[in-house]
Amino acid sequence: MTTPVAAQSIPEPASLRERGTLGKVLDTVRRVPIIPLVILLVLLVIPAIFADVIAPHDPVRVSLTNRLAPPVWLEGGSTEYLLGTDRQGFDILSRIIHGARISLAISLLAIGLGGGVGTVLGLLAAYRGGWVDTVIMRIVDIKLAFPSILLALVLVAVMGPGFQTVVLVIALLLWARFARMVRGEALSIKEQDFIARAQVAGASPLRIMARHIFPNVFNTVVVLATLEIGHVIILESTLSFLGAGLVKPTPAWGLMVADGRTLIVTAWWLFFFPTMAIVLTVLAMNLLGDWLRDRLDPKLRNV
Amino acid sequence: MQRYIFLRIIQAILALLVISAIVFALARVTGDPVAILLPEDASPKVVEQVRAKWGLDQPIYVQYARYIGNFVQGDFGQAWAYGGVPISELIIRRLPNTIYLASFAWVVSAAIALPIGVLVAVKKDSPFDWAGKVVALLGQSAPSFAIGLLLMWVFAVILGWLPTSGNDAGFKSVLLPGMALGYYNVAAVMRLTRSSMLEVLDTEYVKLARIKGMPERKVIWKHCFRNALIVPFTYMGLIGAVLLTGSVVIETVFVWPGLGDLAIDAIRNRDFPVIQSVVILFATFYIFINLFVDVAYAYLNPRIRYN
């Protein structure tokens, strides 16, 4: 049996070729953004979960004899305090590790709350239409016209700084984008046949929103939530840095930076390590978010 | 067009009224301002006098109306802290510093971002392009205080070229805060210029200009750049608003005596008249710059005149 010449000369596309296990692993590595994932695991997730186990010291134990010890590689540094200590003798490394827990907790809570409320309002606005839609979207417009950092500062001034305030304030800053995005998506889904059929079959509005529209906007919500985590970490650390977020001696990255700012000339390690923790975490989160967006929801590209 | 402008102005004023009402109400829900102003054991008579003096004995909507009336005339009331000086005095003293810083940052970001945006578009997929992407990504990922502190550390502490903070070293002292404030926008404007340039580079008239044998430099600057400018230019307008509010953070980092610094100070002292005035003033700038940009954009690009 002879094979036609043309068929022989055309190489098979790589994706169709038989691949061994190794090939599959390599494929996955290429498709998954491995470096950002590793950075995130090392800087954020693992420290957040295992902070109590891996932190070498208590992050809030004052130790006045070890104040302002430099990092281990500088003269006067010791292996006990790898990244040095601050003014109160707190171990910087331990505080960064515990700070990851704070950052992650605030991000998850604030995005859960803001994203949840925004999604519900977006669904409601799209499905109900009419005055409900008008009212919700006007509020969204006003929220988006207000410079966020100022709104946050006013709210913190009113509620007083602290963990709950920060979560609430950030949630308040976030919901509008979710509402607007979900509404836009839901509007086009609402017009499709299966929604009309569900209505004819007697499904309640709540059921239609929750079981028929929501699953179709879920990807969008997940992508937006991921993209917002970096934003939330920036907001939280900025508020703490300004003295309008978390309060001392909570091991929050922004607070550590604020504390180190005044000693930037004599003890650079105080501001430098927490700053890098923030920058690298947000960078990795943004890369991951971009990747997720391209995979799940390319429509969001210009958001 | 006139209708569009008119509607946008009405919209802006409404937004401003709502925002100022929210801020005003928020400042009141924290409790009786008199409790903050006076010691706990103040006699009821003194409390009454203070109430009357600050107009706090009136219903809240009267207080609000009076406040807005005065605000429009440039009378922002008196600060609780700072020995009760008129807030307008505090603002007039600090506003020029903030405007100076913000305009410097604006010029810096335009001067850096536009040419680099063009360069990375022309040299697409070259090392320049990649470097540009890294700069843009960093701009998205680093909070402005981080950029500010890193710049301060390198140029003021390690190299010792520039002062670490304050504004008493003339032009030298605005360089670091200005760059830190402008950085985020450099990234954004650069990206916009790049994509907008790429679009124009792909058009028929640019191809024609090249076929005619026009020198490449002329093609890029005369034919492409001018047409690609609309989008980044509108954005540069919006940035004016972003820079003003962004100065809150940068002024704190560099101890720059501007409005943002005043706002943070007031928040630490819970000085609500000052917080209220500064925030409403910032919101006014923000909304009116946005309004101006929208109108300018509608003028430049007739396709978006909806409504």
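Owing to the predicted nature of the structure, the values given are computational and were not obtained by experimental measurement.

Here is what the cut-offs are and how they apply
Residues numbered from 1 in each chain as written. Chains lettered and ligands numbered in written order. Predicted model: local features only at pLDDT ≥ 70, side-chain atom pairs only at ≥ 80, totals over all residues. Heavy atoms only, no water. Helix = DSSP H or I, 4+ residues; strand = E, 2+ residues; numbered from the N terminus. Buried < 20%, exposed > 50% of the residue type's maximum accessible area, 1.4 Å probe, protein only. Contact = heavy atoms within 4.5 Å. Areas by Shrake-Rupley, 256 points an atom, 1.4 Å probe, with all protein chains shown as cover. Patch = residues over 30% accessible without salt bridge, like charges linked within 9 Å, V, L, I, M, F, W, Y side chains within 5 Å. Salt bridge = Lys/Arg side-chain N within 4 Å of Asp/Glu carboxyl O. Domains from an automatic or database assignment. Buried area = accessible area lost by both parts, 1.4 Å probe. Polar contact = N/O pair within 3.5 Å; in protein donor to acceptor, adjacent residues only side chain to side chain. Phe/Tyr/Trp six-rings, centres within 6.5 Å; stacked < 30°, edge-to-face > 60°. Core = buried A, V, L, I, M, F, W, Y, C linked by side-chain atoms within 4.5 Å. Expected span 1.5 Å × (residues − 1). Bend = angle between axes of the 7 residues up to and from the residue.

Caption draft 1: Highlighting the overall build of chain A. Secondary structure summary: chain A contains eleven helices and zero strands in total. In chain A, which comprises 303 residues, the share counted as buried stands at 51%. If you take every contact in chain A between residues at least 6 apart in sequence, the share linking residues at least 24 apart comes to 71%. A total accessible area of about 14800 Å² is found for chain A, and carbon and sulfur atoms account for 65% of it.

Caption draft 2: Structural detail: a nonpolar patch on the surface. Taken together, the side chains of Ile34(A), Ile35(A), Val38(A), Leu41(A), Val42(A), Ile46(A), Ile49(A), Phe50(A), Val53(A) and Ile54(A) make up a nonpolar region of the molecular surface, amounting to roughly 930 Å² of accessible area. Residue Ile46(A) is classed as partly exposed on the basis of its relative accessible area, which comes to 37%.

Caption draft 3: Fine view of the domain arrangement of chain B. Residues and elements named next belong to chain B. Domain parsing of chain B yields domain 1 (2-87) and domain 2 (96-300). Taking only C-alpha atoms, the centre of domain 1 and the centre of domain 2 are 34 Å apart. Each side of the interface is counted separately: domain 1 has 25 residues, and domain 2 has 22 residues. In total, domain 1 and domain 2 occlude about 2100 Å² of area from one another, counting both sides; carbon and sulfur atoms represent 75% of this. Summed over the shared surface of domain 1 and domain 2, the result is zero salt bridges. Summed over the shared surface of domain 1 and domain 2, the number is one residue pair in polar contact (both at pLDDT 80 or more). Counting residues per element, the ones that place at least two in the side of domain 1 that touches domain 2 are helix H1 (2-29) and helix H4 (60-72).

Caption draft 4: Representation of the environment of Val156(A) in the model. All names here are of chain A. Tracing the sequence through the fold places Val156 in helix H6 (residues 148-159). Using a relative accessible area of 2% as the deciding quantity, one classes Val156 as buried. Along the chain, Val156 and Ile233 lie 77 residues apart, while their C-alpha atoms are 17 Å from each other.

Caption draft 5: Spotlight on the packing of aromatic side chains. Using the criterion set out here, one finds 15 aromatic pairs over all chains in the structure. An angle of 50 degrees between the planes, with centres 5.8 Å apart, marks the rings of Trp268(A) and Phe273(A) as tilted. For Trp268(A), a relative accessible area of 19% puts it in the buried group. A relative accessible area of 13% places Phe273(A) in the buried class. Summarising the aromatic geometry, the rings of Phe272(A) and Phe273(A) are spaced 5.6 Å apart at their centres and angled 75 degrees between planes, so their arrangement reads as edge-to-face. An aromatic cluster of three or more residues is present, and its members are Trp268(A), Trp269(A), Phe271(A), Phe272(A), Phe273(A) and Trp153(B).

Caption draft 6: Region of the structure containing the interface of chain B and chain A. Each side of the interface is counted separately: chain B has 38 residues, and chain A has 32 residues. Roughly 3300 Å² of surface becomes buried between chain B and chain A when both sides are summed, with 83% attributable to carbon and sulfur atoms. The largest share of the area that chain B buries against chain A comes from Phe145(B), Leu149(B) and Trp153(B), three residues that together contribute 18% of it. Counting the contacts that link chain B with chain A gives zero salt bridges. Our count for the chain B to chain A interface comes out at two residue pairs in polar contact (both at pLDDT 80 or more). Of all the secondary-structure elements, those providing two or more residues to the side of chain B that touches chain A are H1, helix H6 (127-141), helix H7 (144-158), helix H11 (230-253), helix H12 (259-269) and helix H13 (272-300) of chain B. Among the elements that line the side of chain B that touches chain A, the one with the most residues is H7(B), at seven residues.

Caption draft 7: Representation of unusual backbone geometry within the structure. At Val255(B), a position not held by glycine, the phi torsion is positive, near 45 degrees. Its relative accessible area of 43% is what places Val255(B) among the partly exposed residues.

Caption draft 8: Representation of the nonpolar core in the model. If you look at the biggest cluster of nonpolar residues, it comprises 165 residues, and the most contacted ones within it are Leu153(A) and Leu149(B). When residues of this core are assigned to domains, at least three fall in each of domain 1 (2-87) and domain 2 (96-300) of chain B. Once residues lying within four places of it in the same chain are set aside, the contact partners of Leu149(B) are Phe241(A), Val257(A), Arg261(A), Ile264(A), Phe271(A) and Val253(B). Core analysis: the second largest hydrophobic core is formed by eight residues, Val132(A), Ile136(A), Met137(A) and Val140(A) among them.

Caption draft 9: Quick look at the environment of Ala176(A). Residue and element names in this part refer to chain A. Turning to its location among the elements, Ala176 is positioned in helix H7 (residues 163-190). Look at Ala176 and you get buried, because its relative accessible area is 0%. Spatially, the C-alpha atoms of Ala176 and Ile139 are 8.3 Å apart, while their sequence positions differ by 37 residues.

Caption draft 10: Here's a closer look at helix H9 (residues 205-241) of chain A. All names here are of chain A. Between its first and last C-alpha, H9 extends only 45 Å over 37 residues, short of the 54 Å set by a 1.5 Å rise per residue. Along H9, the helix axis deviates most sharply at Phe214, where the bend reaches about 55 degrees; the proline Pro215 sits within four residues downstream. Phi for Gly243, located one or two positions after H9, is positive at around 80 degrees.

Caption draft 11: Molecular detail of the side chain of Thr193(B). Residue and element names in this part refer to chain B. With respect to the helices, strands and loops of the structure, Thr193 is situated in helix H8 (residues 171-201). Look at Thr193 and you get buried, because its relative accessible area is 1%. At 2.6 Å, the side chain of Thr193 and the backbone oxygen of Val189 are in polar contact. Beyond its immediate stretch of four places on either side in the chain, Thr193 contacts Ala113, Leu114, Gly117, Val118 and Pro232.

Caption draft 12: Expanded view of the pattern of salt bridges. All names here are of chain B. Inspection of the entire model under this criterion finds five salt bridges over all chains. For Asp261, the salt bridge goes to Arg94, with nearest N and O atoms at 3.6 Å. With a gap of 167 residues between them, Asp261 in helix H12 and Arg94 in helix H5 (residues 87-122) connect regions that are remote in the sequence. Of the two residues examined, Asp261 and Arg94, each falls in the buried class. The salt bridge partner of Glu204 is Lys207, with a shortest N-O separation of 3.8 Å. Taken as a pair, Glu204 and Lys207 lie in helix H9 (residues 204-211) at a separation of three residues, close to a single helical turn. The exposure class of Glu204 is exposed, given its relative accessible area of 61%. The class for Lys207 is partly exposed, based on a relative accessible area of 36%.

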